[in-house]
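Coordinate inspection notes
Letter by letter, the chains look like this.
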Amino acid sequence: MTIEVRDKRFGVIAVENGFITNEQLFEALKVQVEEDLSGKAHTLIGVILIKLGYMTHEQADEILIAMRKK
């Protein structure tokens, strides 16, 4: 599979490639914002998506590799 990146953010790429749904991305973003506002260390969205069980490590790696190639 070829992943199209063109200056897109991790979560958008994950949705566009069918790894997660819009709703799963919004849930992960909600977790991220709540953690940030409570003073916790910032967690990358990919890490949150994996912790929630919405993505695999392999899917996240595929996106990160494509993002590095752009």
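One can find the structure itself at the top, above this paragraph.
The rules behind the values
Residues numbered from 1 in each chain as written. Predicted model: local features only at pLDDT ≥ 70, side-chain atom pairs only at ≥ 80, totals over all residues. Heavy atoms only, no water. Helix = DSSP H or I, 4+ residues; strand = E, 2+ residues; numbered from the N terminus. Rg over C-alpha atoms; globule rule 2.2 N^0.38 Å. Buried < 20%, exposed > 50% of the residue type's maximum accessible area, 1.4 Å probe, protein only. Contact = heavy atoms within 4.5 Å. Areas by Shrake-Rupley, 256 points an atom, 1.4 Å probe, with all protein chains shown as cover. Lys, Arg positive; Asp, Glu negative; His and termini not counted. Charge placed at Lys NZ, Arg CZ, Asp CG, Glu CD. Salt bridge = Lys/Arg side-chain N within 4 Å of Asp/Glu carboxyl O. Core = buried A, V, L, I, M, F, W, Y, C linked by side-chain atoms within 4.5 Å. Expected span 1.5 Å × (residues − 1). Arc of directions from axis to C-beta.

On to the overall build of the protein chain, then. Scanning the protein chain for helices and strands turns up 4 helices and 0 strands. Traced from its N-terminal end to its C-terminal end, the protein chain shows the element sequence α-α-α-α. A globule of 70 residues ought to have a C-alpha radius of gyration of about 11 Å, and the protein chain, at 12 Å, matches this closely. The dimensions of the protein chain, computed from C-alpha atoms along their principal axes, are 35 × 20 × 20 Å. Counting the 70 residues in the protein chain, one finds 31% classified as buried. Looking at the protein chain alone, contacts between residues at least 24 apart form 49% of all its contacts between residues at least 6 apart. Of the roughly 4900 Å² of accessible surface on the protein chain, a fraction of 55% belongs to carbon and sulfur atoms. For the protein chain, the distance from the average position of its 9 positive side-chain charges to the average position of its 11 negative side-chain charges is 5 Å.

Here we take up the pattern of salt bridges. On inspection of all chains with the given rule, the structure shows 1 salt bridge. In this structure, the salt-bridge partner of K8 is E16, at a minimum N-O distance of 2.8 Å. Judged by relative accessible area, which is 47%, E16 ranks as partly exposed.

Right, let's talk about the nonpolar core for a bit. Counting residues in hydrophobic clusters, the biggest one holds 14 residues, and the most contacted among them are F10, A14, I20, I45, L49, M55 and I63. The set of elements that each furnish at least two residues to this core consists of α1 (10-16), α2 (22-37), α3 (45-51) and α4 (57-69). Aside from chain neighbours lying at most four places away, what touches L49 is F10, I20, Q24, A28, Y54 and M55.

Here N17 lies in the loop between α1 and α2. A sequence separation of 42 residues divides N17 from Q59, and the C-alpha atoms of the two residues are 9.7 Å apart.

With 16 residues, α2 extends 22 Å between its outermost C-alpha atoms, agreeing within 8% with the 22 Å of an ideal straight helix rising 1.5 Å per residue. Every buried residue belonging to α2 is among L25, A28, V31 and Q32, and all of these are buried. End-on, the buried residues of α2 take up no more than an arc of 120°, which puts them together on one face. α2 presents E23, F26 and L37 as exposed residues on the side facing more than 90 degrees away from its buried surface. Packing partners of the buried residues in α2 comprise α1 and α3. Once α2 ends, the next one or two residues include G39, with phi positive near 90°.

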